[in-house]
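Letter by letter, the chains look like this.
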Amino acid sequence: MTKREAILEAAIREFAENSYDAASINRIIKMSDTSKGTFYHYFADKMALYMAIVDDLVQIKKTYFAQMQKLLDAGETNIFALLKEQARAGTRFMHDNPELYRFGLRFARETGPVKEMFAERFLPDLQSAFQQIIATGIANLNLADRYSPSFVVRLIGFTMMHYDEILIGREEDPTPEQIEERLDMLFDFLQRGLGAGGT
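Definitions and limits used
- For every chain, the first residue of the written sequence is number 1, and numbering continues from 1 onward in sequence order.
- The predicted nature of this model means local features are confined to residues of pLDDT at least 70 and side-chain atom pairs, given and counted, to a pLDDT of 80 or more, with totals for whole chains, interfaces and linings taken over all residues.
- Only heavy atoms go into the side-chain values, all of them from the structure, while hydrogens and water stay out.
- Runs of E in the DSSP output that reach at least two residues are strands. Runs of H or I that reach at least four are helices, and both are numbered from the N terminus.
- Buried residues are those whose accessible area, probed at 1.4 Å on protein chains only, stays under 20% of the maximum for their type, while exposed residues exceed 50% and partly exposed ones sit between those limits.
- Every residue pair with non-hydrogen atoms within 4.5 Å of one another is taken to be in contact.
- Residue-level accessible areas treat just the shown protein chains as cover; the underlying method is Shrake-Rupley with a 1.4 Å probe.
- Expected helix span is taken as 1.5 Å per residue step, with the number of steps being one fewer than the number of residues.
- Whenever a carboxyl oxygen of Asp or Glu lies within 4 Å of a side-chain nitrogen of Lys or Arg, that contact is scored as a salt bridge.
- In this description, a nonpolar core means a group of buried Ala, Val, Leu, Ile, Met, Phe, Trp, Tyr and Cys residues linked to one another through side-chain atoms lying within 4.5 Å.
- Under this scheme, a helix contributes an axis fitted over its contacting stretch, all axes are lines through C-alpha atoms, and angles between N-to-C directions fall in the 0 to 180 degree range.
- Small angles under 35 degrees read as roughly parallel and large ones over 145 as roughly antiparallel, with 65 to 115 read as roughly perpendicular and the rest as oblique.
- Residues were grouped as follows: Ala, Val, Leu, Ile, Met, Phe, Trp, Tyr, Cys and Pro as nonpolar; Asp, Glu, Lys and Arg as charged; and all remaining residues, including Gly, as polar.
- One number per residue, pLDDT, summarises how confident the predictor is, and it ranges from 0 to 100.

(A) Here's a closer look at the overall build of the chain. Looking only at helices and strands, the chain features 12 helices and 0 strands. Traced from its N-terminal end to its C-terminal end, the chain shows the element sequence α-α-α-α-α-α-α-α-α-α-α-α. Expressed as a percentage of its 199 residues, the buried residues of the chain come to 44%. Restricting to contacts in the chain with at least 6 residues of sequence separation, those with at least 24 account for 70%. Total accessible area on the chain is roughly 10800 Å²; 53% of this is exposed by carbon and sulfur atoms.

(B) Helix α1 (residues 3-17), seen in detail. Between the first and last C-alpha of α1 there are 21 Å, a value that for 15 residues agrees with the 21 Å anticipated at 1.5 Å per step. Listed in full, the buried residues belonging to α1 are Ala-6, Ile-7, Leu-8, Ala-10, Ala-11, Ile-12, Glu-14, Phe-15 and Ala-16.

(C) Expanded view of unusual backbone geometry. For Asp-33, which is not a glycine, the phi torsion comes out positive at approximately 55°. By secondary structure assignment, the location of Asp-33 is in the loop between α2 (25-32) and α3 (36-42).

(D) The pattern of salt bridges, seen in detail. Following the criterion strictly, the structure yields 4 salt bridges and no others. We note a salt bridge from Arg-27 to Glu-14, for which the minimum N-O separation is 2.6 Å. With Arg-27 in helix α2 and Glu-14 in helix α1, this pair connects stretches of sequence that are 13 residues apart. Overall, Arg-27 belongs to the partly exposed group, its relative accessible area being 38%. Between Arg-102 and Glu-99 there is a salt bridge, with its nearest N and O atoms 3.0 Å apart.

(E) Structural detail: the nonpolar core. Among the nonpolar cores identified, the biggest contains 49 residues, and Phe-15, Leu-49, Tyr-50, Ile-53, Val-54 and Phe-103 are the most heavily contacted of them. Elements represented by at least two residues in this core include exactly α1, α2, α4 (46-64), α6 (79-96), α7 (98-108), α8 (113-121), α10 (149-161) and α12 (176-194). Here the element with the most residues in this core is α4; it accounts for 9 residues.

(F) Molecular detail of the packing of α6 against α12. Packing of α6 against α12 brings their axes to within 10 Å, and their N-to-C directions diverge by 170°. One way to sum up the angle between α6 and α12 is to call them roughly antiparallel. From α6, Phe-80, Leu-83, Lys-84, Ala-87, Arg-88, Thr-91, Met-94 and His-95 reach across to α12, where they touch Pro-176, Glu-177, Ile-179, Glu-180, Leu-183, Asp-184, Phe-187, Asp-188, Leu-190, Gln-191 and Leu-194. Residues belonging to the contact of α6 with α12 are distributed by class as follows: 10 nonpolar, 3 polar and 6 charged.

(G) Inspection of the confidence of the model for the chain at higher detail. Across the chain, pLDDT averages 82, with 88% of residues at or above 70. The spread of mean pLDDT over the elements of the chain runs between helix α9 (residues 123-139), the lowest at 70, and α2, the highest at 97.

Below, the structure written as structure tokens:
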């Protein structure tokens, strides 16, 4: 393991257990068995370290979501089937990467500069991917035509970007299976309300 990897591994644990503001660079340095000079050789500050973890997290998650893209490429047009596949991919990610999963739960509770930086760096690409899936659902009549496409894009996009606030209590640490079950309920709810067969 390289020194950079050791710092990242220690930082994931530190940020999983503490909020961004409460997390300590000194504890990260101690856990990673490195020095301040080594730390600052790789990371300009705590925010740079935090965003490096988020960047790694996003890149790893993309590999898990590749199955959803394969379904889309193979002609799957039911938006709710695609969203459920995304939830299942997320559950696989949680099982395979428990420390990053814990980090993600803590990140979901963050506010302020951390969330602002995330929104600036990652949200445009994530929203673009969601919009492609939603547009496919609308084009193939999986969604009711009683709602404008822009409304549906905003609603599903917001729901998917903030599902943690809808499904997870502030002090709760649900298992991956519990999250998948709750996401299934959420998608069923959306399908009944937004689907072409809904009332």
